[in-house]
Amino acid sequence: MALKIEKITKSKIDTVDFNNLKFGQVFTDHMFECDFINGEWQTPKIRPYQPILFEPSSKVFHYGQAVFEGMKAYKDDDDQIWLFRPDQNQKRINISAERLDMPAFPKEYFFEGLTTLLKMDSEWVQKGEGNSLYIRPFIIGTENCVSASTSTDYKFMIICSPVQSYYAGEVRVVFADKFSRAADGGVGFAKAAGNYAASFYPAKLAREKGFQQVVWTDASTHEYLEEAGTMNVFFRVNDTLLTAPTSDRILDGVTRKSIIQLAESLGIKVDVRRVSVTEILAAARKGELLEMFGAGTAAVISPILGFSHKEETFELPKLENSYASVIKKGITDIQTNKAEDKFGWRFKVE
Ligand SMILES: *Cc1c(COP(=O)(O)O)cnc(C)c1O
């Protein structure tokens, strides 16, 4: 595969304080880029990270054809770089793209671009507890035209940002009883930029009431719990983990499916089925709701300490050896090459 490479003249890595990183604000020396023009993906390029130029009529600004991915690279003690199930992200960006009527990005280009970029910017993947490189592939519609129709041109890019372990602070959530993030037949299963845009306002209202996130419920009845903010959501009732099955409305998270597999291998019972607000309220009242947590690439697992529904609020117990902490360690140990990879999830960057 032809890949054009333009290297930076001098790395900016010396200007970065790796002990004081805000999530997703600093980017590595290079970026990967490929344009779709005249019905074809053109020769992909890696060049210095820099602003890109668009006409104001570029379609993405008007009609929101934009999909993205989020993944991480880790460096082990022997300086080897690893990815976690990147095949899943590669497939998913094309599933998202199809739903927004955007062209699929070829798998060979994705992996060649990604691994070449990671090798060029390998110094930016820091080893040690909690450190990783957050990788953001995305595709946008770039045709210069404001007619409300699918773009003829697109740009695929990968940018990378060094991050430390993601801690959102103490998280308490509101169960949505009015707003929705997704509906049947909609784009909830796609990692589409617009899903995020639509979630910010309800999330702001929740913050104003002292809650950090919204747990989304089904759009028609608000009776079934579906996702926590931009993460999948798990509930532990007694010794069983519950999570909703994926659907039109739910993002098929790589972390979610890895948690299900790992938990089952640890002998934890996992029920993948619709989870109702009524049963979670009942379990909370009986003291049987022991844990709630969000699952996603950025934080792996983000514990939820309490929730509110309508006017009621609940606080969850603080447990030693919670499922959240045991499973999070299990997954991060596999990601960082500290544990045997019995599921074949690690991908060596070479
Ligand atoms: C990205 C995302 C997730 C988590 O997916 P991972 O593959 O685990 O990172 C969950 N829900 C939504 C809405 C998302 O966008």
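Residues numbered from 1 in each chain as written. Predicted model: local features only at pLDDT ≥ 70, side-chain atom pairs only at ≥ 80, totals over all residues. Heavy atoms only, no water.

Q: Requested: an account of the pattern of salt bridges, with residues and values cited.
A: Opposite charge on two side chains lets them pair, provided their charged atoms get close. Taken as a whole, this structure holds 20 salt bridges when the rule is applied. Between Asp184 and Arg249 there is a salt bridge; the shortest N-O distance is 2.4 Å. You can see Asp184 sitting in the loop between β10 (172-175) and α4 (193-208) and its partner Arg249 sitting in the loop between β14 (240-243) and α5 (254-265), a full 65 residues away along the chain. Exposure remark for Arg249: the relative accessible area of 13% places this residue in the buried category. The shortest N-O distance in the salt bridge between Lys269 and Asp271 comes to 3.8 Å. (Salt bridge = Lys/Arg side-chain N within 4 Å of Asp/Glu carboxyl O. Helix = DSSP H or I, 4+ residues; strand = E, 2+ residues; numbered from the N terminus. Buried < 20%, exposed > 50% of the residue type's maximum accessible area, 1.4 Å probe, protein only.)

Q: Break down the pairing of β10 for me, citing the residues and quoting the values.
A: Of the two faces of β10, the one carrying Arg172 and Val174 and the one carrying Val173 and Phe175 are both buried. Pairing of β10 with strand β19 (residues 306-309), which is carried by three bridges, proceeds in the parallel orientation. In the sheet register, Arg172 faces β19, and the bridge partner there is Gly306. Two elements, β10 and strand β11 (residues 213-217), share three bridges in a ladder whose sense is parallel. The residue bridging Val174 from the neighbouring strand is Val214, located in β11. Chirality of the crossover, the property in question, places the unit of β10, α4 and β11 among those that are right-handed. (Pairing = 2+ DSSP bridges. Right-handed = clockwise from strand over helix to strand, strands pointing away.)

Q: Go over the domain arrangement of the protein, please, and point to the residues and values.
A: Split by domain assignment, the protein resolves into domain 1 (4-163) and domain 2 (172-335). On a C-alpha basis, the centroid separation for the pair domain 1 and domain 2 is 28 Å. Counting residues at the interface gives 20 residues for domain 1, matched by 21 residues for domain 2. Here domain 1 and domain 2 share an interface that buries about 1,700 Å² over both sides, 62% of which is from carbon and sulfur atoms. The interface formed by domain 1 and domain 2 includes zero salt bridges. Secondary structure elements with two or more residues in the side of domain 1 that touches domain 2: β5 (66-68), β6 (71-75), β7 (81-84) and α2 (86-99). Tallied by class, the residues present in the side of domain 1 that touches domain 2 amount to 11 nonpolar, four polar and five charged. (Domains from an automatic or database assignment. Contact = heavy atoms within 4.5 Å. Buried area = accessible area lost by both parts, 1.4 Å probe. Nonpolar A, V, L, I, M, F, W, Y, C, P; charged D, E, K, R; others polar.)

Q: Before we move on, can you summarise the site of the ligand with the specific residues and values?
A: Contacts to the ligand come from 15 residues, most closely from Lys191, Tyr196, Glu227, Thr255 and Thr297. The contact in question runs from a nitrogen atom of the ligand to an N or O atom on the side chain of Glu227, over 2.5 Å. Isolated, the ligand exposes 390 Å² of accessible area, and the fraction of that covered by the protein chains is 96%. If you list the elements that add at least two residues to the shell around the ligand, you get β13 (231-237), α5 and β17 (289-296). Here the residues of the shell around the ligand are counted per class, giving five nonpolar, six polar and four charged. (Near = heavy atom within 4 Å. Polar contact = N/O pair within 3.5 Å; in protein donor to acceptor, adjacent residues only side chain to side chain. Areas by Shrake-Rupley, 256 points an atom, 1.4 Å probe, with all protein chains shown as cover.)

Q: Go over the packing of aromatic side chains, please, and point to the residues and values.
A: The full count for this structure, using the stated rule, is 21 aromatic pairs. Here the aromatic cluster, defined as three or more aromatic residues joined through ring pairs, consists of Phe32, Phe36, Trp41, Phe105, Tyr109, Phe110, Phe111, Tyr154, Phe156 and Phe347. A cation over an aromatic ring shows up here: Arg236 above the ring of Tyr323, its NZ or CZ 3.7 Å from the ring centre. (Phe/Tyr/Trp six-rings, centres within 6.5 Å; stacked < 30°, edge-to-face > 60°. Lys NZ or Arg CZ within 6 Å of the ring centre and 35° of its normal.)

Q: So what's going on with the state of the cysteines? Residues and values would help.
A: This model, assessed by the stated rule, comprises zero disulfides. Cys34 forms no disulfide, and the closest cysteine sulfur to it belongs to Cys160, at a distance of 16 Å. Relative accessible area serves as the criterion here: at 1%, Cys34 is assigned to the buried category. (Disulfide = S-S within 2.5 Å.)

Q: Any details on the packing of α5 against helix α7 (residues 323-335)? Residues and values, ideally.
A: Here α5 crosses α7 at 110°, and the two axes come no closer than 10 Å. Classified by the interaxial angle, the pair formed by α5 and α7 is roughly perpendicular. Contact with α5, carried on its side by Ser258, Ile259, Leu262 and Ala263, involves Ile327, Gly330, Ile331 and Ile334 of α7 and no other residues of that element. Split into classes, the residues belonging to the contact of α5 with α7 amount to six nonpolar, two polar and no charged. (Axes fitted to C-alpha atoms, helices over the stretch in contact; angles between N-to-C directions. Parallel < 35°, antiparallel > 145°, perpendicular 65-115°, else oblique.)

Q: Could you give an account of the pairing of strand β8 (residues 132-141), with specific residues and numbers?
A: Counting buried positions along β8 yields nine of 10 residues, so the element is predominantly enclosed. By the bridge criterion, 10 bridges tie β8 to strand β9 (residues 154-163) in an arrangement that is antiparallel. Residue Tyr134 lies in a different strand from β9, and its bridge partner there is Ser161.

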